[in-house]
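# Remarks on the overall topology
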Amino acid sequence: MIEVEAKIKISTPSEFREKIKKIAPFIKKEYKIDDYYTLESLKSYPKKSLRVRKRGKIYEINFKQRLSYINRVHAKNEHEFIVNNIIPFLDLIKDFGFKHWLRKKKITELYNISKNFNIEINSVENLGWFLEVEYLCEMNGIRLARKKVLEIISKLGINKKDIVQEGYTKMLWDKGKIVVR
């Protein structure tokens, strides 16, 4: 699937909760711990990495390939699979040379606009509060998804210029919040 998204730094999540509830029902609140691994040197921010997220008794392995950044909205090709036993997987990637370089912790409040179309309010440790609008689509749906993401941002009273280009990992890297092993 292609992830089309925009993220905005916010200071008052309660203000946005009320606005969001008018267009999307609350689904759930979730605590996420994401560990990132890369093959690259850690002298500069890695261009590629994979994410391991624990979800109950399973682990989601995720890799995103950047496709475009147009009109302040990202489009990324997202690859994801599940691993039941993480130890052999981590042994395998470490044997191939992957290094654990970052841990991200966040609390997510998920709201669902429609199938594959969500709004999140995220509290990210060491970074603060963010609002994300995300649409999952096929490759031929990127243009429409980008338009819908921007429409929701406008409905929430957010100026397009307030969209943050950097991802959470880059922001954490810039703050020096990395794990070097």
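Computed from a predicted model, the values in this text were never measured in an experiment.

Let us look at the environment of Asn 71. Tracing the sequence through the fold places Asn 71 in the loop between strand 4 (58–70) and strand 5 (73–83). Of the residues examined, Asn 71 reaches a relative accessible area of 38% and is grouped as partly exposed. Beyond its immediate sequence surroundings of up to four residues, Asn 71 is in contact with Arg 146, Leu 150 and Lys 160. A distance of 2.5 Å separates polar atoms of two side chains, one belonging to Asn 71 and the other to Lys 160.

All told, the structure shown has 8 aromatic pairs when counted by the stated rule. Taking the centre distance of 5.9 Å and the plane angle of 65° together, the rings of Trp 101 and Trp 173 count as edge-to-face. Taken together, the residues Trp 101 in strand 6 (residues 99–114) and Trp 173 in helix 4 (residues 168–174) connect sequence positions 72 residues apart. Across the pair, exposure class does not vary: Trp 101 and Trp 173 are buried alike. Considering the side-chain rings of Phe 130 and Tyr 168, the 5.1 Å spacing of their centres and the 75° angle between planes classify their relative orientation as edge-to-face. Remark: Tyr 168 occurs in helix 4 and Phe 130 occurs in strand 8 (residues 128–137); sequence separation between them is 38 residues.

All right, on to helix 1 (residues 13–21) then. Restricting attention to buried positions, one finds in helix 1 the residues Pro 13, Phe 16 and Ile 20. Viewed along the axis of helix 1, the buried residues span an arc of 60°, placing them on a single side of the element. Of the surrounding elements, those touching the buried residues of helix 1 are strand 1 (2–10), strand 6, strand 7 (117–124) and strand 8.

What follows is about the pattern of salt bridges. Following the criterion strictly, the structure yields 15 salt bridges and no others. Of the charged contacts, one joins Arg 17 and Glu 109 as a salt bridge, the two residues approaching to 2.6 Å between their closest N and O atoms. In this pair, Arg 17 is assigned in helix 1 and Glu 109 in strand 6, connecting sequence segments 92 residues apart. Via salt bridges that share partners, Lys 28, Glu 30, Arg 55 and Glu 60 belong to a single interconnected network.

Cut-offs applied
Position numbers for residues count from 1 along each chain, tracking the sequence in the order it is written. The model is predicted, so local features are restricted to residues of pLDDT at least 70 and side-chain atom pairs to those at 80 or more, both for listing and for counting; the totals for chains, interfaces and linings are taken over all residues. Derived side-chain values reflect all non-hydrogen atoms in the structure, with water molecules and hydrogen atoms excluded from consideration. Each helix is a run of DSSP H or I of at least 4 residues and each strand a run of E of at least 2, with the numbering of both proceeding from the N terminus. The rule is simple: take the accessible area with a 1.4 Å probe, protein chains only, and divide by the maximum for that residue type; under 20% is buried, over 50% is exposed, in between is partly exposed. Two residues form a contact once any of their heavy atoms are found within 4.5 Å. Any pair of N or O atoms that falls within 3.5 Å is considered a polar contact. Within protein, one atom must be able to donate a hydrogen and the other to accept it, and sequence-neighbouring residues count only if both atoms are side-chain atoms. Two aromatic rings, drawn from Phe, Tyr or Trp (for Trp, its six-membered ring), form a pair once their centres lie within 6.5 Å of each other, and the interplanar angle then sorts them: stacked below 30 degrees, edge-to-face above 60, tilted otherwise. It is the directions from the helix axis to the C-beta atoms that the arc portrays. Take a side-chain nitrogen of Lys or Arg and a carboxyl oxygen of Asp or Glu: if they are within 4 Å of each other, that pair is a salt bridge.

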